[in-house]
Amino acid sequence: MIRVFLCALFSLIVVLGLHFSGVVDFGLSSPEKESTFVPQPAPDVVFTKPDGTKIALRDLKGKVVLLNFWASWCGPCFDEFPSLLDLVETFGGQIVLIAVSNDSDPKEIGKFIRLFSPKGQKQFQNPHVHLVWDERSAISQKQFGVLRFPETLLLDSQLKMVKKIVGPTDWADPTLQETIRRLFL
Amino acid sequence: MKKLLFCLVLCVGAGAFGASVATVPVLHEGRIKPLDTFARVHLLSVYGKRSLPEMSALDWLVELMRDRETAFARPVFNLRNPDLVGHLGLEWREKHLYSFNEISAPLQKQEKSIGLLHQKQKEELTPVQRQLVDLYTASLSYLELAQSFSLVLPQFEITDPALASALKLEAGRHYNYMEMQTARPILENKIEKLRNKEPDLLNEKEWELARLGFSLERAAREEGSEILRLFPPQWHGGEGEWLSPWQSVRRGDGSPATADYLGLWRRYLANGEDGGLSAVALDLSKGLVSPWRLRWEVFYNRVDFFTKSLIFYLLGFLLLVGSWAVWPTRLRRLSFAAAGVGFLAHGAGLLMRIFIMGRPPVSTLYESILFVAFIAVLFGLILEKTRRNGFGLLTATTIGTILHFIGFSYAAEGDTMGMLVAVLNTNFWLATHVVTITIGYGCCFVGGILGHLYLVLRKLRPEARQKLKEIYRTSVGTALVALFFSLFGTILGGIWADQSWGRFWGWDPKENGALLIVLWLLFLLHGVLTKYLTQLGFALGMVVTNIMVALAWFGVNLLNVGLHSYGFTDSILFNLIAFCSAELVFGVGMYFWIRLRERES
């Protein structure tokens, strides 16, 4: 009995010794990386425009989508919008912008648009720009985990979330535009 | 019977290894650990133990995050110094326990002076000052823990329907901080209009408005809570940083996955329902940590192998002592069985640590104590099995018990599975040099105990020549084994030092200590071979070996010099001096006492 036990103990010591010495890998340790990122599909949500019409995210499959979360009382959001609208115009129908308002009242969206220049107001009419209202931030917070504004999610043509940009951004930046261009391939 | 036992083990194992909130991963002190360990470590820092009598550490943590009022009133701060208690203006209690509510006010009053103390070196502070600073730090961590999930706790209620309507909210319903964000601009706008109004002139509705605004502002200040890092990096370029709930939303690192996770936490804190929380947590951290490691660690925490092994070693020792009085054979067998069970529990604990940490269990001082005890007990049990004279059993149970107690004092310092310094983080050398050296230490201790045994037996029963000879021969054999491992380990250490630090030997205190043990054992064995040393002299020499090992193992860590100073500790000086003095007095005293008595007779 003692011999069996000692043999078993000796074997265990040899196995562990070989493993930890790096001579043999028995796969006891799983590779643990510092950071891992795999684009995940965006939640299947349906947005509501101020006029009550609906737009489902799944209907935009095949296009690159910019999901921009904002609010009318957010100063940096106001600063960011012109370059965002210019970006959508530049890429024609390849990019769709869904600007998700987190205001408490949908009327604030109309007031917000009127603060822009005529050119800006016209850009909001672009058929590839959708201003939607997220009542009580139900979708922004509970579906996307967004609390601060502006935040923008970049979705590829399969509606996978490939990048998140936090804070106001200059969308004319060549590096950013290159990142977006690669999503068309 | 065997089938029943097997089924029982299977059921326990399945239950023990299942996912639960305890297995939720959290990043703390550079390591991803289960929430169970995180809770235990934090409770240990304030209460001094890893669980409360009335609840587990995890339940305590959940209560702290969910119900601050109750948690702050629960006496968990263990203050054992009457001077510290007096300094805080609190009444002295027999149980030494105080609540956060009781200590926070006096600590806040002394915030400035504590800040000044914090800037000084620890050596410049008196014990009371040191404990005051530690208590203040612990109370800040306590508060920060309580604030971890305040962003999802339903703490805001609007009773006035008109106000609720103006804020586009429902009256009578409770909202959390996140849900209040849409109403915040309107609220701030309304409060702005009240700024110029005298407080005495505010009506009830305006008071509610002001209170709401104040509560929201106070809640916003809690966004500094960073201690509970539950959210793994979500987006590319996260640099491996895990974030707390508040950090995640503040930095914009939120994602659909974290939103879902936060929602589950909200539900769990509200009504205690797991709702798949643990499964989502493990899924969120896929590729970053192995779920099995988390489960094993929770199991390891719950079973507490080393307390179990200590109990059995102690039982074995008591049974052995009992066998000297009555039923020698029966009690000695039971003692062997108890020590055997203790050894299995001990080994299981070490094995679990290997699986959890993915490295040999000799990386920290705490682990080396446990491993040395394991080797010493193994050696003792083998000796007992071969000699069957009780000496091996005495050695095993004594060393096992003593080293466990020493180990527990290190375990009380916090997480015993901490991160390693870079030089130690090489598994090959951990598996070879450190393991070999600690096996050598273990064998030295076995020989040391045998030396004690020889001296005591020679004093009490000098006529038992056969038994004395047996002990002597066993201790010589033990010294040979100890020499082999110590020498081999020292040479391997030199090779490792050459690879890590560019030199084979640097007269580092740790290296000198290891060399001292080797030279001492060589001296003793040469003394035996040349018959320069008598049996009595050799026994004294083995007792002195204990002192050598203690100095080489613990003593050099007090110096905090040299490349081996990662094990620096300043807390064991008195105990080390006491141990070495006691051993020296015992060894030398017994030697001369025996010589005197034998000369007289």
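Residues numbered from 1 in each chain as written. Chains lettered and ligands numbered in written order. Predicted model: local features only at pLDDT ≥ 70, side-chain atom pairs only at ≥ 80, totals over all residues. Heavy atoms only, no water.

Caption draft 1: Main features of the overall build of chain B. Each helix and strand in chain B was counted, giving 24 helices and six strands. Based on the C-alpha atoms only, the size of chain B along its principal axes is roughly 105 × 60 × 55 Å. Evaluated residue by residue, chain B yields a buried proportion of 54% over its 601 residues. Of the contacts formed within chain B by residues at least 6 apart in sequence, a portion of 66% connects residues at least 24 apart. Surface accessibility of chain B: about 28,200 Å² in total, with carbon and sulfur atoms responsible for 61%. Distance between charge centroids for chain B: 12 Å, based on 60 positive and 53 negative side chains. (Helix = DSSP H or I, 4+ residues; strand = E, 2+ residues; numbered from the N terminus. Buried < 20%, exposed > 50% of the residue type's maximum accessible area, 1.4 Å probe, protein only. Contact = heavy atoms within 4.5 Å. Areas by Shrake-Rupley, 256 points an atom, 1.4 Å probe, with all protein chains shown as cover. Lys, Arg positive; Asp, Glu negative; His and termini not counted. Charge placed at Lys NZ, Arg CZ, Asp CG, Glu CD.)

Caption draft 2: Structural detail: the environment of Asp160 of chain B. Residues and elements named next belong to chain B. As for its placement among the helices and strands, Asp160 is situated in the loop between strand E5 (156-157) and helix H9 (161-166). You can call Asp160 buried: its relative accessible area is 11%. Counting along the chain gives 12 residues from Asp160 to Gly172, while the straight-line C-alpha distance between them is 8.1 Å. In contact with Asp160, not counting residues within four places along its chain, are Ala171, Lys205 and Glu208. A distance of 3.1 Å separates a polar atom in the side chain of Asp160 from the backbone nitrogen of Leu163. (Polar contact = N/O pair within 3.5 Å; in protein donor to acceptor, adjacent residues only side chain to side chain.)

Caption draft 3: Representation of the state of the cysteines in the model. Going through the model one piece at a time under the given rule, you end up with one disulfide over all chains. Sulfur-sulfur distance for the disulfide between Cys74 of chain A and Cys77 of chain A comes to 2.1 Å. With the S-S bond torsion at 85°, the cross-link from Cys74 of chain A to Cys77 of chain A turns out right-handed. Each member of the pair, Cys74 of chain A together with Cys77 of chain A, is buried. Note on Cys443 of chain B: no disulfide assigned, nearest cysteine sulfur contributed by Cys444 of chain B at a separation of 7.2 Å. Residue Cys444 of chain B is classed as buried on the basis of its relative accessible area of 0%. (Disulfide = S-S within 2.5 Å.)

Caption draft 4: Fine view of the packing of aromatic side chains. This structure, assessed with the given rule, holds 39 aromatic pairs over all chains. Plain terms: the ring middles of Trp265 of chain B and Tyr268 of chain B are 5.8 Å apart, the flat faces sit at 85° to each other, and that makes the pair edge-to-face. Linking Trp265 of chain B with Tyr268 of chain B, this pair stays in helix H13 (residues 256-271), spanning three residues, or about one helical turn. Tyr268 of chain B sits in the buried class, given a relative accessible area of 12%. Relative to Trp553 of chain B, the ring of Tyr441 of chain B lies with its centre 5.5 Å away and its plane at 45°, an arrangement referred to as tilted. Of this pair, Tyr441 of chain B sits in helix H20 (residues 427-460) while Trp553 of chain B sits in helix H23 (residues 535-553), and the two are 112 residues apart along the sequence. For the residue pair Tyr441 of chain B and Trp553 of chain B, the accessibility class agrees, reading buried in each case. Taken together, the ring pairs connect Trp70, Phe78, Phe81, Phe112, Phe116 and Phe124 of chain A into an aromatic cluster. Between the NZ or CZ atom of Arg330 of chain B and the centre of the ring of Trp327 of chain B, over which it lies, the distance is 5.6 Å. Positioned over the ring face of Trp593 of chain B is Lys459 of chain B, at 4.6 Å from the centre of the ring. (Phe/Tyr/Trp six-rings, centres within 6.5 Å; stacked < 30°, edge-to-face > 60°. Lys NZ or Arg CZ within 6 Å of the ring centre and 35° of its normal.)

Caption draft 5: Seen up close, unusual backbone geometry. Note that the residue after Phe149 of chain A, namely Pro150 of chain A, is joined by a cis bond; omega there is -5°. You can see Pro150 of chain A is positioned in the loop between helix H5 (138-142) and strand E7 (151-155). Notably, Glu29 of chain B is not glycine yet its phi reads approximately 55°, a positive angle. On the secondary structure map, Glu29 of chain B appears in the loop between strand E1 (25-28) and strand E2 (31-34). Relative accessible area serves as the criterion here: at 54%, Glu29 of chain B is assigned to the exposed category.

Caption draft 6: Looking closely at the nonpolar core. Residue and element names in this part refer to chain B. Membership of the largest hydrophobic core comes to 91 residues, with the highest contact counts inside it found for Tyr300, Tyr441, Ile517, Phe538, Trp553 and Phe554. In this view, Tyr300 contacts Phe305, Phe306, Gly349, Met352, Arg353, Ile356, Tyr366 and Met417; residues no more than four positions away in its chain are not counted. Membership of the second largest hydrophobic core comes to 86 residues, among which are Met65, Ala219, Ala220 and Leu277. (Core = buried A, V, L, I, M, F, W, Y, C linked by side-chain atoms within 4.5 Å.)

Caption draft 7: Inspection of the pairing of E7 of chain A at higher detail. Residue and element names in this part refer to chain A. With five of five residues buried, E7 is to be regarded as a mostly interior element. Side chains of E7 alternate between two faces, with Glu151, Leu153 and Leu155 and Thr152 and Leu154 buried alike. Strand direction decides the pairing type here: strand E4 (residues 64-70) and E7, joined by five bridges, are antiparallel. Directly across from Asn68, in E7, lies its bridge partner Thr152. In terms of strand pairing, E7 meets strand E8 (residues 160-166) through five bridges, oriented antiparallel. Of the residues in E8, the one forming a bridge with Leu155 is Met161. Turn length for the E7-E8 hairpin, with the two strands adjacent in sequence and antiparallel, is four residues, and the turn residue Leu159 shows positive phi of about 60°. (Pairing = 2+ DSSP bridges.)

Caption draft 8: Focus on the side chain of Gln147 of chain B. All names here are of chain B. Its place among the elements puts Gln147 in the loop between helix H8 (127-146) and E5. What makes Gln147 buried here is its relative accessible area of 13%. Once residues within four sequence positions are removed from consideration, Gln147 is found in contact with Arg68, Glu222, Ser225 and Trp246.

Caption draft 9: Examining H8 of chain B more closely. Counted at 1.5 Å a residue, the expected span for H8 of chain B with its 20 residues is 28 Å, and the 28 Å between its end C-alpha atoms agrees. Those residues of H8 of chain B that fall on the buried side of the exposure criterion are Val128, Leu132, Val133, Leu135, Tyr136, Ala138, Ser139, Tyr142, Leu145 and Ala146 of chain B. (Expected span 1.5 Å × (residues − 1).)

Caption draft 10: The arrangement of the pairing of E2 of chain B in detail. Two elements, E1 of chain B and E2 of chain B, share four bridges in a ladder whose sense is antiparallel. By the bridge assignment, His28 of chain B is partnered in E2 of chain B with Arg31 of chain B.

Caption draft 11: Structural view of the pattern of salt bridges. Residues and elements named next belong to chain B. In the structure shown here, the tally under the stated rule is 27 salt bridges over all chains. Taking the shortest distance from any N to any O, the salt bridge between Arg251 and Glu241 comes out at 3.0 Å. Taken together, the residues Arg251 in the loop between helix H12 (245-250) and H13 and Glu241 in the loop between helix H11 (204-221) and H12 connect sequence positions 10 residues apart. Judged by relative accessible area, Glu241 falls into the partly exposed class, the value being 29%. Linked through salt bridges whose partners overlap, the residues forming this network are Glu226, Arg229, Glu241, Arg250 and Arg251. (Salt bridge = Lys/Arg side-chain N within 4 Å of Asp/Glu carboxyl O.)

Caption draft 12: Quick peek at the confidence of the model for chain B. Residues and elements named next belong to chain B. Across chain B, the average pLDDT comes to 87, with 92% of residues at 70 or higher. Residue range residues 4-8 is modelled with pLDDT below 50. Its contacts to residues more than four positions away, or to other chains, number zero contacts. Interface confidence for the predicted complex, expressed as ipTM, amounts to 0.85; the pTM equals 0.86. (pLDDT = per-residue confidence, 0-100.)

Caption draft 13: Region of the structure containing the side chain of Ser368 of chain B. All names here are of chain B. Inspection of the secondary structure assignment puts Ser368 in helix H18 (residues 365-387). Residue class for Ser368 comes out buried when judged on its relative accessible area of 6%. Those residues within four positions of Ser368 in sequence are excluded, and the remaining contacts are Pro361, Val362, Thr438 and Trp553.

Caption draft 14: Representation of the packing of helix H17 (residues 328-357) of chain B against H18 of chain B within the structure. Residues and elements named next belong to chain B. One can describe the packing of H17 onto H18 by two numbers: an axis separation of 10 Å at closest approach and a directional angle of 145°. Here the hand of the crossing between H17 and H18 comes out left-handed. Only Tyr366, Glu367, Leu370, Phe371, Ala373, Phe374, Val377, Leu378, Leu381, Glu384 and Lys385 of H18 make contact with H17, whose side of the interface consists of Arg332, Phe336, Ala339, Gly340, Phe343, His346, Gly347, Leu350 and Arg353. Of the residues contributing to the contact of H17 with H18, the split by class is 12 nonpolar, three polar and five charged. (Axes fitted to C-alpha atoms, helices over the stretch in contact; angles between N-to-C directions. Left-handed = near helix turned anticlockwise from the far one by under 90°. Nonpolar A, V, L, I, M, F, W, Y, C, P; charged D, E, K, R; others polar.)

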